[in-house]
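Residues per chain are reported as follows:
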Amino acid sequence: MSVQLVWFKRDLRLHDHTPLTRAARTGPVVGLFVFEPSIVRAADYDAQHLVFVRECLTELRTRLRRRGGELLVRVGECPDVLEQVCHELRATAIWAHEETGNARTYARDRRVRAWARTTGIPLHEVPQGGVVRRLASRDGWAEHWESVVRAPVANPPSRFAPLPWTDAPDTAPASGEVPTADALRVQCAAGRAHDTPGGERAARALLRTFLYERGEQYRREMSSPVSAFRACSRISPHLAFGTLSGRQAWQAAQQRLSEVSGPLDRDERWRASITSFVARLAWREHFMQKLESEPAIEHRNFSSVYDDLRPAVADPERLEAWLHGRTGYPLVDACMRALRAQGWLNFRMRAMLVSFASYHLWLPWQQTAVALAPHFLDYEPGIHYSQFQMQSGTTGINSIRIYNPYKQALEHDPAGHFVRAWVPELRAVPTDFLHAPHDMPPLVASMAGVRIGRDYPLPIVEHTAAYREAKARIFAARETAAARADAARVYRQHGSRKDPLHRRR
Ligand SMILES: Cc1cc2nc3c(=O)[nH]c(=O)nc-3n(C[C@H](O)[C@H](O)[C@H](O)COP(=O)(O)OP(=O)(O)OC[C@H]3O[C@@H](n4cnc5c(N)ncnc54)[C@H](O)[C@@H]3O)c2cc1C
């Protein structure tokens, strides 16, 4: 039996991996992971992603070897590496998941398909979840998604067919070290130390503590940055790199739901939380489907009506202040600093950060989205670009939501714990002034040991004026006949047919 090559990309797991299971039915299995310089050195990739991937690959290799398989790790561009490895192994087929990635991986996948056609090596590509390639219509998509997550999980056999070189190990291809960030020359934002270990085992443990220990107050606590770091599932990096599939998460949540069907208040809280979590798992692929169906939304507005709304090039001072947490808005700055240090932020605070950049600072989302991507460990292009556009008002189909950073601070960090943790220069400021420290009387400021304008910036823009101007501009663009007609087109192609909540978030 000839070797079956399984090309791993953002699906770094052994379980619920259909291409792997099918390959193992056909012959001995060798996995391949390729660090492609054109992808890992791009602006949206960061050393934190590499650290996470390295951990995932180490575990994956051990698991494959235990079953009699192997994992090769190579550096180079595809399809060149695929060609070389197929030649070395005399592999007769390549198995892979379809990927909904960024413009680079999309172009790479097209090159790989063209290469496979010309060489005649069968390339078996399998959907990774509910996202559909060449989707003709959004009608019925939600039902399709549900049938996918309900389908049984595909697990590989405990033993693969023996590799042809097991009797003569000298002929085995070198499996390759997992390269370091320095070796790959991958950029690294200074000081980051994310606390999310990679690998399938870690993914399952995280999901389990969420479903059985941490998640009871999820629904109530997900929006505040004070509680969200613990109350949210935090599985997003695992979903993004595929150490956990959406189906595995959905089925584990259903299992938990069946266990909390009792009449107690606690059961009710758990039910409410897990139901909210399950809805979000569906949103994930709902958003990814948008990018799959229209890859151009990584760079272009969903609705061209908004094309000239913001400048093409961001004001550099505003962009820098926003990106480094120096806007003079304590909650905005705390969120940015926390994200840069930890690689994660909860949904509402991400939305507020982007809303502030797109409305108060009037920056083009195309630039802020790329600038923020490397800071999210869970960077998932399909969600990322759709959400940036949603929070910037350029989809045409979602309600306009301009977050008031003062109101968000009073609602979600009333005692100032989060701001004090991430904006230490304001630590001694009394809570009454913490979220608007420029309003502090000079005597109070001097007692707190801080001078606003020197130790911490004055607000970069005045909230009420910036808010009013942004609102007037976005509604002027939105309330034209052309905008309404184009919104109908966008809705036909991308709108959720099932859950009206989508249109609000
Ligand atoms: C501007 C912006 C950019 C974002 N970029 C990303 C990104 O690159 N990658 C990413 O995974 N999420 C992104 N999100 C969505 C959301 O903020 C994260 O999925 C969530 O905070 C991840 O934490 P969690 O795993 O604890 O989520 P939980 O609340 O526990 O939810 C479970 C899972 O559901 C999915 N999910 C949750 N909320 C959303 C949502 N609003 N839209 C789509 N899927 C959702 C995620 O896969 C998440 O892991 C973005 C949101 C905004 C506003």
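Calculation notes
- Here the residue numbering is sequential within each chain, running from 1 through the sequence in written order.
- Given that this is a predicted model, residues contribute local features only at a pLDDT of at least 70 and side-chain atom pairs are listed and counted only at 80 or more, while totals for whole chains, interfaces and linings are drawn from all residues.
- Water and hydrogen atoms play no part in the side-chain values, which are based on all heavy atoms of the structure.
- Helix and strand definitions here come from DSSP, where helices need a minimum of 4 consecutive H or I residues and strands a minimum of 2 consecutive E residues; each element is numbered from the N-terminal end.
- Radius of gyration means the value over C-alpha atoms here, while the globule rule gives 2.2 Å times the residue count to the 0.38 power.
- Throughout, a contact is declared for two residues whenever any of their heavy atoms are within 4.5 Å.
- The Shrake-Rupley method, run with a 1.4 Å probe sphere, supplies the accessible areas, and residue values consider only the shown protein chains as cover.
- Charge convention: Lys and Arg are scored as positive, Asp and Glu as negative, and His as well as the terminal groups of each chain are ignored.
- By convention, the point assigned to a charge is CZ for Arg, NZ for Lys, CD for Glu and CG for Asp.
- Working definition: rings of Phe, Tyr and Trp (its six-membered ring) pair if their centres are within 6.5 Å, and the pair is stacked with planes under 30 degrees apart, edge-to-face with planes over 60 apart, and tilted otherwise.
- Two conditions define a charge sitting above a ring: the NZ of Lys or the CZ of Arg must be within 6 Å of the ring centre, and it must be within 35 degrees of the ring normal.
- An axis is simply a line fitted to the C-alpha atoms; with a helix, the fit covers only the stretch in contact. Between two such axes, the angle follows the N-to-C directions and lies from 0 to 180 degrees.
- Reported orientations rely on four angle classes, namely roughly parallel under 35 degrees, roughly antiparallel over 145, roughly perpendicular from 65 to 115, and oblique for the rest.
- Any residue that is not Ala, Val, Leu, Ile, Met, Phe, Trp, Tyr, Cys, Pro, Asp, Glu, Lys or Arg is counted as polar, Gly included; the first ten are nonpolar and the last four charged.
- For the purposes of this section, nonpolar cores are sets of buried Ala, Val, Leu, Ile, Met, Phe, Trp, Tyr and Cys residues that join through side-chain atoms within 4.5 Å.
- The buried label applies to any residue whose accessible area, calculated with a 1.4 Å probe on protein chains only, is under 20% of its type's maximum; exposed applies above 50%, and partly exposed to all values in between.
- The start and end points of each domain follow an automatic or database-based domain assignment.
- Salt bridge, as used here, is a side-chain nitrogen of Lys or Arg placed within 4 Å of a carboxyl oxygen of Asp or Glu.
- Crossing handedness is defined as follows: a turn of the near helix away from the far one that is anticlockwise and smaller than a right angle gives a left-handed crossing, while the clockwise case is right-handed.
- Here, proximity means that at least one heavy atom of the residue falls within 4 Å of the molecule or strand.
- Polar contact criterion, stated in full: a pair of N or O atoms within 3.5 Å, where within protein one must be able to donate a hydrogen and the other to accept it, and residues adjacent in sequence count only if both atoms are side-chain atoms.

A. The overall build of the protein, seen in detail. Along its length, the protein carries 24 helices and five strands. In terms of C-alpha radius of gyration, the protein reaches 24 Å, essentially the compact-globule figure of 23 Å for 505 residues. Expressed as lengths along the three principal axes of its C-alpha atoms, the size of the protein is roughly 80 × 55 × 50 Å. Contacts in the protein between residues far apart in sequence, at least 24 positions, make up 80% of those at least 6 positions apart. Per element, the accessible surface of the protein, about 21600 Å² overall, is 53% carbon and sulfur. Treating the 69 positive side-chain charges of the protein as one cloud and the 55 negative ones as another, the clouds have centres 3 Å apart.

B. The packing of aromatic side chains, seen in detail. The full count for this structure, using the stated rule, is 10 aromatic pairs. Three or more aromatic residues link up through ring pairs in this structure, and these residues are Phe210, Tyr218 and Phe277. It is arginine 310 that lies over the ring of tyrosine 359; its NZ or CZ is 5.3 Å from the centre. When the ring centre of tryptophan 362 is taken as reference, the NZ or CZ atom of arginine 310 above it lies at 4.5 Å.

C. Looking closely at the packing of helix H8 (residues 200-214) against helix H13 (residues 265-293). The interhelical angle for the contact between H8 and H13, taken along N-to-C directions, is 150 degrees, at an axis separation of 11 Å. For the element pair H8 / H13, the angle class is roughly antiparallel. Contacts between H8 and H13 involve Leu207, Phe210, Leu211, Tyr212, Glu213 and Arg214 from the first element and Trp270, Ile274 and Phe277 from the second. Classifying every residue of the contact of H8 with H13 gives seven nonpolar, no polar and two charged.

D. Representation of the nonpolar core within the structure. One finds Phe277, Trp322 and Leu426 to be the most contacted residues of the largest nonpolar core, which totals 72 residues. The residue makeup of this core includes at least three contributed by each of domain 2 (200-289) and domain 3 (304-503). Sequence-distant contacts of phenylalanine 277, that is, excluding residues within four places in its chain, are made with Leu207, Phe210, Leu211, Tyr218, Ser233, Ile235, Ala249 and Ala253. Core analysis: the next-biggest nonpolar cluster, separate from the first, contains 31 residues, Val40, Leu64, Trp95 and Val178 among them.

E. A look at the pattern of salt bridges. In the structure shown here, the tally under the stated rule is 27 salt bridges. Note that glutamate 125 and arginine 133 form a salt bridge whose closest N and O atoms lie 3.7 Å from each other. Note that arginine 256 is salt-bridged to glutamate 259, the shortest N-O span being 3.6 Å. You can see arginine 256 and its partner glutamate 259 sitting in helix H12 (residues 246-259), three residues apart, about one turn around the helix. Residue class for arginine 256 comes out buried when judged on its relative accessible area of 10%. One network of salt bridges, with partners in common, ties together Lys9, Glu36, Glu99, Arg108 and Asp109.

F. View of the packing of H8 against H12. For the pair H8 and H12, interaxial distance at closest approach is 10 Å and the crossing angle is 25 degrees. What the angle tells us is that H8 and H12 run roughly parallel. Note on packing geometry: the crossing formed by H8 with H12 is right-handed. Across the interface between the two elements, Leu207, Leu211 and Tyr212 from H8 touch Gln248, Ala249, Ala252, Ala253, Gln255, Arg256 and Glu259 from H12. Looking at the contact of H8 with H12, its residues break down into six nonpolar, two polar and two charged.

G. Expanded view of the side chain of threonine 196. With respect to the helices and strands, the residue threonine 196 is situated in the loop between helix H7 (181-184) and H8. In this structure threonine 196 comes out as buried when scored by relative accessible area, which is 9%. Non-local contacts of threonine 196, meaning those with residues more than four positions away in its chain, are made with Phe52, Glu55, Arg234, Pro237, His238 and Leu377.

H. Quick peek at the site of the ligand. Around the ligand, the surrounding shell holds 27 residues, and the nearest of these are Tyr218, Ser233, Arg234, Asp378 and Glu380. Between the ligand and the protein, one listed contact pairs an oxygen atom with a side-chain N or O atom of tryptophan 344 at 3.0 Å. Within the complex, the protein chains bury 99% of what would otherwise be the 820 Å² of accessible surface of the ligand. For the shell around the ligand, the secondary structure elements donating two or more residues are helix H11 (236-241), H13, helix H16 (347-360) and helix H18 (381-390). Counting residues per element, the shell around the ligand draws most heavily on H13, at six residues. Per-class residue counts for the shell around the ligand are 16 nonpolar, five polar and six charged. Of the domains in this structure, domain 2 (200-289) and domain 3 (304-503) are the two that each give at least three residues to the shell around the ligand.

By themselves, these are just geometric observations and shouldn't be taken as functional.
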